[in-house]
Amino acid sequence: MNSSHLPNLRIGQGYDIHPFQDGRPMVLGGVTFDTPYGLEGHSDADVLTHAICDALLGAAGLPDIGHYFPNTDPKYKGINSQELLKEVAATLREKGWEIVNIDTAMIAEKPKIYPKLGEMKAALSQSAGIEPDRIGIKATTNEKIGSLGRAEGIAAHASALIYKT
């Protein structure tokens, strides 16, 4: 099919997973949770924001987050992942794409996400440059099954819809 006949809409999906690590800050969706543990990773290990970045990049047909922000580059050591999301959103806009919406799901036995949901949506919407009501955040457990069910870490899935301006 000739792509000129297709609507200027694209869907992308992203996934990320990080194990827990004692003594690190727990950052999810740009919000710090009061826990004695965080997630292991080169950056702040914000699993939710990383999945969102990959969903947006994939929707635009671009390489993944590791291509743009390699974990071998010292300048990204400990970086706030909201800075990465801002850069991803800017890259999409430079290429003529606008973000329609983002929908996410986290799989975690801990911490409880709901009390910080509004803060997370506010932080992510600011970084992505869209209204908070265009971001969905859901959380579920893994019903004690597998490594996520044993509370060894957190995984996140994200979907993003973008359109060509």
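Just so it is clear, the model here is predicted, and its values are computed rather than measured.

Participant: Would you mind showing me how to read the pairing of strand E7 (residues 153-164) here?
Facilitator: Side-chain positions along a regular strand alternate between the two faces of the sheet. As defined by bridge partners, strand E1 (residues 9-22) adjoins E7 across 11 bridges and the pair is classed as antiparallel. Residue pairing in the sheet places Tyr15 in a bridge with His157 of E7. As judged from the 10 bridges shared by strand E5 (residues 97-107) and E7, these two strands associate in the antiparallel manner. Bridge pairing links Ile102 to Ala160 in E7.

Participant: Is there a simple way to explain the packing of helix H1 (residues 47-59) against helix H3 (residues 81-94) in this structure?
Facilitator: In a packed pair of helices, the relevant descriptors are the angle between the two axes and the axis-to-axis distance. Packing of H1 against H3 brings their axes to within 9 Å, and their N-to-C directions diverge by 10 degrees. Judged on the interaxial angle alone, H3 and H1 are roughly parallel. Contacts between H1 and H3 involve Thr49, His50, Ile52, Cys53, Leu56 and Leu57 from the first element and Ser81, Gln82, Leu84, Leu85, Val88 and Leu92 from the second.

Participant: Would you explain the packing of H3 against helix H4 (residues 117-128) in this entry?
Facilitator: As a packed pair, H3 and H4 sit with axes 7 Å apart at the nearest point and diverge in direction by 40 degrees. On the basis of the axis angle, H3 is oblique to H4. Packed against H3, whose contacting residues are Gln82, Leu85, Lys86, Ala89 and Arg93, the element H4 presents Ala123, Leu124, Ser127 and Ala128 at the interface. Residue composition of the contact of H3 with H4, grouped by class: 5 nonpolar, 2 polar and 2 charged.

Participant: In this structure, what is going on with H3? I would like to understand it.
Facilitator: Residue pairs three or four apart in sequence face the same way in an α-helix, which turns once every 3.6 residues. With 14 residues, H3 should cover 20 Å at 1.5 Å per step; its first-to-last C-alpha distance of 20 Å lies within 8% of that length. Every buried residue of H3 is accounted for by Ser81, Gln82, Leu84, Leu85, Val88, Ala89, Thr91 and Leu92. In this fold, the buried residues of H3 make contact with H1, helix H2 (65-68), E5, H4 and E7. In this structure Asn80 caps H3, since a side-chain oxygen of it lies 2.8 Å from the backbone nitrogen of Gln82. Residue Gly96 follows H3 closely and has a positive phi angle near 90 degrees.

Participant: Mind showing me how you'd approach the side chain of Ser125 here?
Facilitator: Relative to the helices and strands, Ser125 resides in helix H4. Judged by relative accessible area, which is 7%, Ser125 ranks as buried. A polar atom in the side chain of Ser125 sits 3.0 Å from the backbone oxygen of Ala122.

Participant: Just checking my understanding: could you explain the pattern of salt bridges for this structure?
Facilitator: Charged atoms that come close allow side chains of opposite charge to pair. This model, assessed by the stated rule, comprises 6 salt bridges. With its nearest N and O atoms 3.2 Å apart, the salt bridge here joins Glu98 to Arg93. Since its relative accessible area comes to 24%, Glu98 is described here as partly exposed. As a salt-bridge pair, Arg150 and Glu152 come within 2.8 Å of each other at their nearest N and O atoms.

Participant: Sorry, what's going on with the sheet that holds E5 here?
Facilitator: Strands belonging to one sheet form pairs held by backbone hydrogen bonds; the direction of such a pair is parallel or antiparallel. Strand order in the open sheet formed by 5 strands is E4-E1-E7-E5-E6, with mixed pairing between adjacent strands. In the strand order of this sheet, the two ends are held by strand E4 (37-39) and strand E6 (135-140), each with one partner. Taken over all neighbouring pairs, the strand axes of this sheet differ in orientation by 20 degrees on average, direction set aside. Its contacts with the sheet place H3 against E5 and E7, and it is angled at close to 145 degrees to E5. Together, E5 and E6 form the strand contacts of H4, whose direction differs from that of E6 by roughly 140 degrees.

Participant: What should I look at first to understand H4 in this one?
Facilitator: Its 12 residues place the ends of H4 16 Å apart at the C-alpha level, agreeing with the 16 Å of an ideal helix rising 1.5 Å per residue. Looking at H4, one finds that the buried residues are Leu117, Met120, Ala123, Leu124, Ser125, Ser127 and Ala128. Packing partners of the buried residues in H4 comprise strand E2 (26-28), strand E3 (31-33), H1, H3, E5 and E6. Residue Gly129 follows H4 closely and has a positive phi angle near 75 degrees.

What counts as what
- Residues numbered from 1 in each chain as written.
- Predicted model: local features only at pLDDT ≥ 70, side-chain atom pairs only at ≥ 80, totals over all residues.
- Heavy atoms only, no water.
- Pairing = 2+ DSSP bridges.
- Helix = DSSP H or I, 4+ residues; strand = E, 2+ residues; numbered from the N terminus.
- Axes fitted to C-alpha atoms, helices over the stretch in contact; angles between N-to-C directions.
- Parallel < 35°, antiparallel > 145°, perpendicular 65-115°, else oblique.
- Contact = heavy atoms within 4.5 Å.
- Nonpolar A, V, L, I, M, F, W, Y, C, P; charged D, E, K, R; others polar.
- Expected span 1.5 Å × (residues − 1).
- Buried < 20%, exposed > 50% of the residue type's maximum accessible area, 1.4 Å probe, protein only.
- Polar contact = N/O pair within 3.5 Å; in protein donor to acceptor, adjacent residues only side chain to side chain.
- Salt bridge = Lys/Arg side-chain N within 4 Å of Asp/Glu carboxyl O.

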